[in-house]
Amino acid sequence: MEGLSRADRADDAALLAGLAVGDAAAATAFVRRFQRAVVGMAVSITRDPALAEDVSQEVFLRAWRAAGTYDLRRASVLTWLLTISRNAAIDAVRARRVTPVEDEILDRLVQDTLTAVPEQEETALNRIESERALRRLQSLSPPQARAVVLAVFGGCTAAEVADREGIPLGTAKTRIRDGLRRLRDRKEADHA
């Protein structure tokens, strides 16, 4: 631990609290600690490293602005930050997308997400959280999991999910809503 600053040794919530009050050392340590995970999430959604870098900058800016609203009881700092990352990446993809995503790309995204194995380079905490998230996702029925993956990771609207899956719009909305609810319930059960 020699050579690490006090901020580098702080826990995640303390770093976020430091970020909220404008502590430069905490902000630097926060970015250093989470940069790899944020960029990884952005690249996995945007499939464009340059866009992912832009998204990552936006994510840390959003985190800084929202740091004071973080609630430890709702999610870990990593989960909170990855949620911001996912939303920012989807926003960026939607802003750039003038035509619907090709079916082949969406199929690959669904397949990759549902059969994903965490990378060896991930930290132990990231790997544990990724494995838990994948297990929760894989516990859904295949049609429900596909709808959630298309909506959450693919950035598809419910109408796009319905069209893509050949199902009524109401069914797509129900699969997405119920799938997300089941994922949240399983997450809360895991934490309890």
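In what follows, the accompanying structure is described.

Reading the values: the criteria
Numbers given for residues are sequential positions, taken from 1 along each chain in its written order. Only residues with pLDDT of 70 or above have their local features reported here, since the model is predicted, and side-chain atom pairs are shown and tallied only from 80 upward, although totals for entire chains, interfaces and linings are computed over all residues. Working from all heavy atoms in the structure, the side-chain values ignore hydrogens and water. Strands are runs of DSSP state E lasting at least 2 residues, helices are runs of H or I lasting at least 4, and numbering of each runs from the N terminus. A simple rule labels every residue: compare its accessible area, found with a 1.4 Å probe on the protein chains alone, to the largest value its type can have, and call it buried under 20%, exposed over 50%, or partly exposed in between. Salt bridge, as used here: a side-chain nitrogen of Lys or Arg that lies within 4 Å of a carboxyl oxygen of Asp or Glu. Interaxial angles span 0 to 180 degrees and are taken between N-to-C directions of axes, which are lines fitted to C-alpha atoms, for helices over the stretch in contact. For classification purposes, an angle smaller than 35 degrees is called roughly parallel, one larger than 145 roughly antiparallel, one from 65 to 115 roughly perpendicular, and anything else oblique. Crossings are sorted by hand: turned counterclockwise from the far helix by less than a right angle, the near helix makes the crossing left-handed, and turned clockwise it makes it right-handed. What makes two residues a contact is simply this: any of their non-hydrogen atoms within 4.5 Å. Any residue outside Ala, Val, Leu, Ile, Met, Phe, Trp, Tyr, Cys, Pro, Asp, Glu, Lys and Arg is labelled polar, Gly included; the first ten of those are nonpolar and the last four are charged. Throughout, nonpolar core names a set of buried Ala, Val, Leu, Ile, Met, Phe, Trp, Tyr and Cys residues whose side chains join them through atoms within 4.5 Å.

## Some details on the environment of Glu160
Phase 1 of the analysis: Considering the arrangement of structural elements, one finds Glu160 in helix 9 (residues 158-165).
Phase 2 of the analysis: According to the relative accessible area criterion, Glu160 is partly exposed, its value standing at 28%.
Phase 3 of the analysis: Expressed as a C-alpha distance, the spacing of Glu160 and Leu150, which sit ten residues apart in the sequence, is 8.8 Å.

## A few points about the pattern of salt bridges
Phase 1 of the analysis: Here the structure, examined in full by the defined rule, presents eight salt bridges.
Phase 2 of the analysis: With its nearest N and O atoms 3.5 Å apart, the salt bridge here joins Asp178 to Arg177.
Phase 3 of the analysis: Using a relative accessible area of 22% as the deciding quantity, one classes Asp178 as partly exposed.
Phase 4 of the analysis: By relative accessible area, Arg177 is classed as partly exposed at 44%.
Phase 5 of the analysis: Of the charged contacts in the structure, one is a salt bridge between Arg184 and Asp185, with a shortest N-O distance of 3.8 Å.

## Remarks on the packing of helix 3 (residues 24-46) against helix 5 (residues 77-96)
Phase 1 of the analysis: Between helix 3 and helix 5, whose axes approach to 9 Å, the crossing angle comes to 40 degrees. Considering the angle they form, helix 3 stands oblique to helix 5. By crossing handedness, the relation of helix 3 to helix 5 is classed as right-handed. Where helix 3 abuts helix 5, its residues Phe30, Phe34, Ala37, Val38, Met41, Ala42, Ile45 and Thr46 lie against Val77, Leu78, Leu81, Leu82, Ser85, Arg86, Ala89, Ile90 and Val93.
Phase 2 of the analysis: Counted by class, the contact of helix 3 with helix 5 contains 14 nonpolar, two polar and one charged residues.

## As for the nonpolar core
Phase 1 of the analysis: In this structure, Leu16, Phe30, Phe34, Val55, Val59, Trp80 and Leu81 are the most contacted members of the largest nonpolar core, which totals 30 residues.
Phase 2 of the analysis: Counting residues per element, the ones that place at least two in this core are helix 2 (12-20), helix 3, helix 4 (49-66) and helix 5.
Phase 3 of the analysis: Excluding residues that lie within four positions of it along the chain, Phe30 makes contacts with Leu15, Leu16, Leu19, Phe60, Ala63, Val77 and Leu81.
Phase 4 of the analysis: Among the nonpolar cores identified, the runner-up in size contains ten residues, and Ala147, Ala151, Ala162 and Ile167 belong to it.

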